[in-house]
2 protein chains.
Amino acid sequence: MAGPIDFYFDFSSPYGYFAATRIEELAVNNGRLVNWHPVLLGVLFRTVGTAPLTTYPVKGEYAFHDFERTARFHGIPYNRPPRFPLATQAAARAMLWTAQAVGEARAIELAQAIFRAMFVDGVAIDEADEVLRIGASIGLDRDALAAGQESEPIRERLREETSQALARGVFGAPFMIVDGEPFWGFDRFNQLDAWLKGAL
Amino acid sequence: MAGPIDFYFDFSSPYGYFAATRIEELAVNNGRLVNWHPVLLGVLFRTVGTAPLTTYPVKGEYAFHDFERTARFHGIPYNRPPRFPLATQAAARAMLWTAQAVGEARAIELAQAIFRAMFVDGVAIDEADEVLRIGASIGLDRDALAAGQESEPIRERLREETSQALARGVFGAPFMIVDGEPFWGFDRFNQLDAWLKGAL
């Protein structure tokens, strides 16, 4: 099997959420695996000198409209979060701990549940307790998840994931790298698919 | 016939160029007309607090790669301009004068020739003489174009086009507004098409 798709995202990115609903299907259809990498978009933004889309005047209002319309266009459930953007350390660390302690498949399941909580159910995923509740709802051990999420090795792991993303030229989310080829944005899934089919 | 598509662009935007190669076909297929609006993207950027894509570290290098790959994906001729971005006052004024003095169809022909010169032939379209040469090459009167391009009413017209764009919430290019619905980016042509078909 050819190399995996490295998938970089932040749990506070709506386009990252859209990508998360589709990337496994895209990969399977093209005989690839996906490596999921939660990162801290705020750190990437500071390095590049950008800011969250919705903080820009004019552009920010359009962005909220585009999130909703893009979800509708692709048939993805979406409700505007009551607060946005949110800090995602708790969510990212929970996923990293789950991947390490329980397994990659459960970690992906957790990631998808966190994204749905954030972008469908209006849950404030910046609160560690909410993340633990989501973890428990998919059958993870709440106490183990709580301890893992707060542990220094997992904190360090998130810093490393973010540093490695920066080192690979990741500056936004979602960001996919496959065969060394970088793709930024859910709206590049068509080019990513063409690339995987050898048609680009 | 339903209302026109207002198409805002800057001659220094590669995605604006890609859009310019496809928008008339998209409109015709959906029974719409296109109103072409050259604007000064630098003014919009200053208002929103953004900057040309290619001036950001990391993101800028990706952008040049994406221009080339997006052109390839869509089968549009493209060569990276020797200098980029370029000032586009001369090009925009030439188009506005042609629309007013000669007619909209010739103005669109001129716009497409200027975009090709910029993004296929490596011409420095920030030089007024180059724009005049392009105008002459499609049969426009060079002396009349030169006088019109420099006239105060045409200068004022470009300022007005840019102000009106800002007032309508345009913050980037290409930007399309139809039936009051805003679409930013060549990568929203799929949503624009769905909108025109009543499927969004």
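The rules we used
Residues numbered from 1 in each chain as written. Chains lettered and ligands numbered in written order. Predicted model: local features only at pLDDT ≥ 70, side-chain atom pairs only at ≥ 80, totals over all residues. Heavy atoms only, no water. Contact = heavy atoms within 4.5 Å. Buried area = accessible area lost by both parts, 1.4 Å probe. Salt bridge = Lys/Arg side-chain N within 4 Å of Asp/Glu carboxyl O. Polar contact = N/O pair within 3.5 Å; in protein donor to acceptor, adjacent residues only side chain to side chain. Helix = DSSP H or I, 4+ residues; strand = E, 2+ residues; numbered from the N terminus. Expected span 1.5 Å × (residues − 1). Buried < 20%, exposed > 50% of the residue type's maximum accessible area, 1.4 Å probe, protein only. Pairing = 2+ DSSP bridges. Axes fitted to C-alpha atoms, helices over the stretch in contact; angles between N-to-C directions. Right-handed = clockwise from strand over helix to strand, strands pointing away.

(A) Summary view of the interface of chain B and chain A. Of the residues lining the interface, 29 residues belong to chain B; the matching set on chain A comes to 29 residues. Overall, the association of chain B and chain A removes approximately 2,800 Å² of surface from exposure, summing both partners, and the carbon and sulfur fraction of that is 61%. Its largest share of buried area at the contact with chain A, chain B owes to Tyr62(B), Arg69(B) and Phe73(B), together 21% of the area lost on that side. Summed over the shared surface of chain B and chain A, the result is 6 salt bridges. Salt-bridge contacts for Asp187(A) lead to Arg188(B); the nearest nitrogen and oxygen are separated by 2.9 Å. One can count 18 residue pairs in polar contact (both at pLDDT 80 or more) joining chain B with chain A.

(B) How the structure looks around helix H3 (residues 59–74) of chain B. With 16 residues, H3(B) extends 22 Å between its outermost C-alpha atoms, agreeing within 8% with the 22 Å of an ideal straight helix rising 1.5 Å per residue. Among the residues of H3(B), those classed as buried are Lys59(B), Gly60(B), Tyr62(B), Ala63(B), Phe64(B), Asp66(B), Phe67(B), Arg69(B), Thr70(B) and Ala71(B). Elements that come into contact with the buried residues of H3(B) comprise helix H2 (41–48), strand E3 (175–178), strand E4 (181–184) and helix H9 (189–196) of chain A together with helix H1 (14–29) of chain B. Within two residues after H3(B), Gly75(B) carries a phi angle of roughly 70 degrees, on the positive side.

(C) Here's a closer look at the sheet that holds E3(A). Residue and element names in this part refer to chain A. Pairing is mixed across the open sheet formed by 4 strands, whose spatial order is E2-E1-E3-E4. Of all strands in the sheet, those with a lone pairing partner are strand E2 (34–38) and E4, marking the two edges. Between one strand and the next, the sheet's axes are offset by a mean angle of 20 degrees, whatever the strand orientation.

(D) Representation of the pairing of strand E2 (residues 34–38) of chain B. Residues and elements named next belong to chain B. Counting buried positions along E2 yields 4 of 5 residues, so the element is predominantly enclosed. Sheet topology places strand E1 (residues 5–9) next to E2; 5 bridges connect them, and they run parallel. Within E2, the position partnered with Phe9 by the bridge is Pro38. Chirality of the crossover, the property in question, places the unit of E1, H1 and E2 among those that are right-handed.

(E) Local environment of the pattern of salt bridges. With the rule as written, the count across this model stands at 34 salt bridges over all chains. Of the charged contacts, one joins Arg188(B) and Asp66(A) as a salt bridge, the two residues approaching to 2.8 Å between their closest N and O atoms. Highlighted residues: Arg188(B) in the loop between strand E4 (181–184) and helix H9 (189–196) and Asp66(A) in helix H3 (residues 59–74), drawn from two different chains. The exposure classification of Arg188(B) matches that of Asp66(A), with both residues buried. For Asp193(B), the salt bridge goes to Lys197(B), with nearest N and O atoms at 2.8 Å. By relative accessible area, Asp193(B) is classed as partly exposed at 23%. Salt bridges linked by common partners bring Asp66(A), Arg69(A), Glu181(A), Asp187(A), Arg188(A), Asp66(B), Arg69(B), Glu181(B), Asp187(B) and Arg188(B) together as one network.

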